[in-house]
Amino acid sequence: MSDALLEVIDVHRQYRLPRESLFGARPVVQALAGVGFTLQRGRSLGIVGESGSGKSTLARLVMALEPPSAGQVRFDGQDLHALDAAALRRARAGFQMVFQDPYGSLDPRRKVLQTVSEPLAVLHGASVAEQRERAAEALDAVGLRSADLDKYPHEFSGGQRQRIAIARALITRPKLIVADEPVSALDVSVQAQVLNLMQDLQDRFGVTYLFISHDLAVVDLVCDEVIVLQQGRIVEQGSPDRLFRDPQHPYTRRLLAAVPGGMLQVP
Amino acid sequence: MSELLSVQDLRVTLQTARGPADALRGVSFSMARGDTVGLIGESGCGKSITALALMGLLPEGAQVAGSIRFEGAELTTLREAELCRIRGDRIGMVFQEPMTALNPLHTVGRQIGESLRLHKGLSGAAARAEALRLLERVQLPQAAQRLDAYPHQLSGGQRQRVVIAIALACGPDLLVADEPTTALDVTIQREVLDLIRELVREDGMGLLLISHDLGVMADTVQRLLVMYGGTVVESGPTTEVFRRLAHPYARGLFAARPRLGLARGTRLATIPGRVPELADMPPGCPFADRCALVVDECRRALPAVEAVSPGHEVRCIRWRES
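The model shown is predicted, which means the values in this text are computed figures rather than measured ones. (Residues numbered from 1 in each chain as written. Chains lettered and ligands numbered in written order. Predicted model: local features only at pLDDT ≥ 70, side-chain atom pairs only at ≥ 80, totals over all residues.)

Asker: How do you make sense of the overall build of chain B when you look at a structure like this?
Answerer: Helix and strand counts for chain B come out as 12 helices and 12 strands. Whereas a compact globule of 322 residues would reach a radius of gyration of roughly 20 Å, chain B reaches 21 Å, a difference of no more than 12%. C-alpha atoms of chain B, sized along the principal axes, occupy 65 × 50 × 40 Å. Every one of the 322 residues in chain B was classed for burial, and the buried ones make up 46%. (Helix = DSSP H or I, 4+ residues; strand = E, 2+ residues; numbered from the N terminus. Rg over C-alpha atoms; globule rule 2.2 N^0.38 Å. Buried ≥ 20, exposed ≤ 12 C-beta atoms within 10 Å, placed from the backbone.)

Printed below as a string of structure tokens:
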């Protein structure tokens, strides 16, 4: 088994828009135009870019929520989009997702126990007792208490909710977590707690992160490698050290120049 | 320098599910025309409530004490009809989410023209001509065609330019901008902030900028008010506040920011605990439970304002230790 956990091979994804005129052809938007990279086990890859750059489309392809128009997504040696439904369902235990908005991503009518243990129930058909035990473990890993299992989302602050979302992602003991802007809806002090937690979890469990963010400083902190996406293409790729100190592509330079608070940065 | 806005000991009590709660506990600041002032803090610190109080837009049942004087008029006692004459005319507002601030059913030209027709009595044609001038001023590309566009036909940055055009329509003396760039991409954020700075300088109006982003503040405002638990815990010239960070909360907030150049895997400094809920606000310093420098005296009463240097004040009895 090679050390590559995730291989994205020349993926394209296009969406057809509604017809603009009665007999006109449907316009096509190219969301991803030939993106490829390899992510090693236990490492973190950051994807930066602005709205419309294809970041979220890439996340959806990696999570096998939709197929690429061309190209392959290989997870742990398997071509995800070539698997049959049952095999894909089994494979899903290996990759989980954390979303941006902890207010929108948790069902307000479900207790934390149901939310956190749901992936386990669906994927493994685990017994109720086992679900509760694993959910308590997952909550413990993110710094919440097992007594929190019987509470509802509204009883928690934004940062705690994001911990619950992370616990839900952890419960299948995934190898890969795709985090789409996991801290951008959080306050600064809470953001720091969640970023520290994500790094601790990587040290403890060897999780691999595909980390999507528009915040270059966040990516610099948690990622080993960064890809800069612009209009569905990789325009630059490298270690954050190199990329942010010596950007080569004009778009990377533009992103860096736009980071507010130049006078507050570490020299 | 003539005083534009003077807020003195502003207190706001909101009706919550858990009974009345003090959302603002004595906020004071003043600004002149041309001043740029920033309110910074995290969710629930009272920065948006301060802005809403200024504009008379507090939620129903809110009780206001203290004084807000704007161009000599006391706003807290004005009747709604009189407030309506000031809002949108003398005070312009830019909100965070341009999609919800704009009406999806009206063209942008109509929405910009609305306050001109209302406050300035302009005719439809004159308001339209003025709306075009405003769209050009906020540097919206193809302004003439965009006049008849609906909000959904514009990008986020373009929509925020339209919102700014609406705020500027009547040539206000004060621009209140509540997280104006939080929903925007970083390069668009830079463009919109540059635009706001430029417009404020050209027109000489006052800018009250509300943001949670220390970097945005550092780039945009001359004076900074750091809020926590419904009070201003530190205020002063922006460069001085960032240089000294006298209040333990300001210091904690600054240290918790991820910033470019930190080594991979660095753990960020965090502030223990969480913001107390409004209804549970302690009688003493609201930050006491999370502060490393806390002593018994901090919990007795809200600390008085102390001067760090001329114009730089802090509400902390232990600031010399930080």
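What follows continues from the structure just given.
Asker: Looking at this structure, I do not really get the interface of chain B and chain A. What am I missing?
Answerer: Often the size quoted for an interface is simply the accessible area lost on bringing the parts together. Counting from both sides, the interface comprises 34 residues of chain B and, opposite them, 30 residues of chain A. Listing elements by their share of the side of chain B that touches chain A, those giving two or more residues are helix H8 (186-203), helix H9 (214-220) and helix H11 (248-256) of chain B. For the side of chain B that touches chain A, the element with the highest residue contribution is H9(B), accounting for five residues. Taken together, the residues of the side of chain B that touches chain A sort by class into 13 nonpolar, 11 polar and 10 charged. (Contact = placed C-beta atoms within 7 Å. Nonpolar A, V, L, I, M, F, W, Y, C, P; charged D, E, K, R; others polar.)

Asker: Can you help me understand the confidence of the model for chain B in this one?
Answerer: Keep in mind that low pLDDT regions are not for reading the predicted coordinates in detail. The share of residues in chain B with pLDDT of 70 or more is 100%, and the mean pLDDT across the chain is 92. Here the prediction assigns the complex a pTM of 0.88, and the interface score ipTM is 0.83. (pLDDT = per-residue confidence, 0-100.)

Asker: Help me understand the sheet that holds strand S4 (residues 63-70) of chain B, please; the structure alone is not making it clear to me.
Answerer: Neighbouring strands of a sheet are bound in pairs by backbone hydrogen bonds; such pairs are parallel or else antiparallel. All names here are of chain B. Strand order in the open sheet formed by four strands is S2-S1-S4-S5, with antiparallel pairing between adjacent strands. Two strands lie at the open edges of the sheet, namely strand S2 (19-32) and strand S5 (73-74), each paired on one side alone. The pairing of strand S1 (residues 3-16) with S4 spans seven bridges and is classified as antiparallel. Residue pairing across strands places Val12 opposite Val64, the latter belonging to S4. Contacts from helix H1 (residues 47-54) reach S1, S2 and S4 within the one sheet, and its direction differs from that of S2 by about 70°. (Pairing = 2+ DSSP bridges. Axes fitted to C-alpha atoms, helices over the stretch in contact; angles between N-to-C directions.)

Asker: Teacher, can you tell me more about the pairing of strand S3 (residues 44-48) of chain A here?
Answerer: Residues and elements named next belong to chain A. When you tally the buried positions in S3, you get five out of five residues, the bulk of the element. Across the two faces of S3 the burial is the same, with Ser44, Gly46 and Val48 and Leu45 and Ile47 all buried. In this sheet, strand S8 (residues 208-212) lies alongside S3 in parallel orientation, the contact comprising four bridges. Across the sheet, the residue bridging to Gly46 is Phe211, located in S8. Judged from the four bridges that link them, S3 and strand S9 (residues 225-230) form a sheet pairing that is parallel. Bridge assignment links Ile47 to a residue of S9, and that residue is Ile227.

Asker: Help me understand unusual backbone geometry in this model?
Answerer: Across residues other than glycine, the phi torsion is negative in most instances, and most of the peptide bonds are trans. Not every positive phi belongs to a glycine, and A:Ala64 is a case in point at roughly 55°. Counting through the fold element by element, A:Ala64 comes out in the loop between helix H1 (55-62) and strand S4 (70-75). Here A:Ala64 falls in the partly exposed class, since 17 other C-beta atoms lie within 10 Å of it. Even without being glycine, B:Gln139 reaches a positive phi, approximately 60°. Its location among the elements puts B:Gln139 in the loop between helix H5 (124-137) and helix H6 (143-146). By C-beta crowding, B:Gln139 is classed as partly exposed, having 16 other C-beta atoms within 10 Å.

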